[in-house]
Amino acid sequence: MGDGFSPKFQSFIQGFQNFQKMMSLILILCCILPVVISKCFYTPDASGEVVIPANITTIASKSFQGCTALKSLIFAEGSQLTSIEFISFVGSNLQGSINIPAGCKTIGSSAFKDLKITTVTFGSGTDSQLTNIGASSFENTLISSITIPSTVTTIGENAFLDS
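Just so we're clear, the structure is a prediction, and the values are computed from it rather than from any experiment. (Residues numbered from 1 in each chain as written. Predicted model: local features only at pLDDT ≥ 70, side-chain atom pairs only at ≥ 80, totals over all residues. Heavy atoms only, no water.)

Chemist: Could you give an account of the overall build of the protein chain, naming the residues involved and the relevant values?
Modeler: Along the protein chain, the regular secondary structure elements total two helices and 10 strands. In the protein chain, the succession of α and β elements from N to C terminus is α-α-β-β-β-β-β-β-β-β-β-β. By residue count, 38% of the 163 residues in the protein chain fall in the buried class. For the protein chain, restricting intrachain contacts to residue pairs at least 6 apart in sequence, the fraction spanning at least 24 positions comes to 44%. Here the protein chain has roughly 8,500 Å² of accessible surface; of this, 55% comes from carbon and sulfur atoms. (Helix = DSSP H or I, 4+ residues; strand = E, 2+ residues; numbered from the N terminus. Buried < 20%, exposed > 50% of the residue type's maximum accessible area, 1.4 Å probe, protein only. Contact = heavy atoms within 4.5 Å. Areas by Shrake-Rupley, 256 points an atom, 1.4 Å probe, with all protein chains shown as cover.)

Okay, here's the thing in structure tokens:
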């Protein structure tokens with residue numbers, strides 16, 4: 001590492017290369033921090049499910065990109081999510097139904113592109129605060145019909161192409 005860090009600190013950092021230790025730290029941080037840090041989750045539980053804690057406000061870009069073990073996404077009751085950034089789930093195996101929390105205002109470009117999603121709901125229907133669906137957000141999914149909340153003011157190019 002040679003960045004002026006002490007050998008003890010370097011050893012500490014190298015210790016975190018052990019994936020299980022890293023995941024434990026990240027899960028603790030996610031209970032404290034209001035943002036899922038880019039590429040922070042790679043190991044869903046044995047069933048392939050990830051539950052996003054209620055205090056998370058943003059799913060950062062690439063948070064679950066390439067996470068092939070991810071099959072199911074659940075947002076905890078009382079979710080404070082306001083944003084799902086671009087390419088958050090591309091390359092995962094997310095499938096089936098997703099219920100985007102009512103407070104989510106933005107879904108970034110290509111956030112759910114190329115996934116086996118069949119159903120997407122936004123809150124309970126009338127309470128959605130969604131305003132922006134980015135370009136290619138749900139491109140090449142298995143969604144056959146969707147109800148866009150009346151609060152949406154922007155739908156990006158190809159948002160539902162080949163869906």
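Past the structure itself, the notes keep going.
Chemist: Report on the pairing of strand E4 (residues 72-75), specifying residues and quantitative values.
Modeler: The two faces of E4 differ: Leu 73 and Phe 75 on one face are buried, but Ser 72 and Ile 74 on the other face are not. Taken together, the four bridges between strand E2 (residues 49-52) and E4 define a ladder with parallel strand orientation. When the bridges of E4 are listed, Ile 52 appears paired with Phe 75. (Pairing = 2+ DSSP bridges.)

Chemist: Account for the packing of aromatic side chains, with residues named and values stated.
Modeler: This model, assessed by the stated rule, comprises four aromatic pairs. Aromatic pair Phe 64 and Phe 89: ring centres 5.0 Å apart, planes at 10 degrees, arrangement stacked. You can see Phe 64 sitting in the loop between strand E3 (58-59) and E4 and its partner Phe 89 sitting in the loop between strand E5 (83-84) and strand E6 (95-100), a full 25 residues away along the chain. When its relative accessible area of 0% is taken as the criterion, Phe 64 is described as buried. (Phe/Tyr/Trp six-rings, centres within 6.5 Å; stacked < 30°, edge-to-face > 60°.)

Chemist: I'd love a proper account of the environment of Phe 89, names of residues and values included.
Modeler: A relative accessible area of 0% means that Phe 89 is categorised as buried. Between the alpha carbons of Phe 89 and Ser 61 there is a distance of 8.5 Å; along the sequence they are 28 residues apart. If we skip the residues at most four places from it in the chain, Phe 89 touches Ile 59, Phe 64, Leu 70, Leu 73, Ile 84, Leu 94, Ala 111, Phe 112 and Leu 115.

Chemist: Give a detailed account of the confidence of the model for the protein chain, specifying residues and quantitative values.
Modeler: Per-chain confidence: the protein chain averages 80 in pLDDT, with 71% of residues scoring 70 or above. Scored below 50 in pLDDT, residues 16-22 makes six contacts in the model with residues more than four places away or belonging to other chains. Across residues 27-34, where pLDDT falls below 50, the model places 14 contacts with residues more than four positions away in sequence or in other chains. (pLDDT = per-residue confidence, 0-100.)

Chemist: Quick one: what's the story with the side chain of Glu 139, residue by residue and with numbers?
Modeler: Mapped onto the secondary structure, Glu 139 falls in the loop between strand E9 (132-133) and strand E10 (154-155). The side chain of Glu 139 is buried and forms no salt bridge, while Lys 113, the nearest opposite charge, is found at 4.0 Å. The contact partners of Glu 139, leaving out residues within four places of it in the chain, are Phe 112, Lys 113, Asp 114, Asn 158, Ala 159, Leu 161 and Ser 163. (Lys, Arg positive; Asp, Glu negative; His and termini not counted. Salt bridge = Lys/Arg side-chain N within 4 Å of Asp/Glu carboxyl O.)

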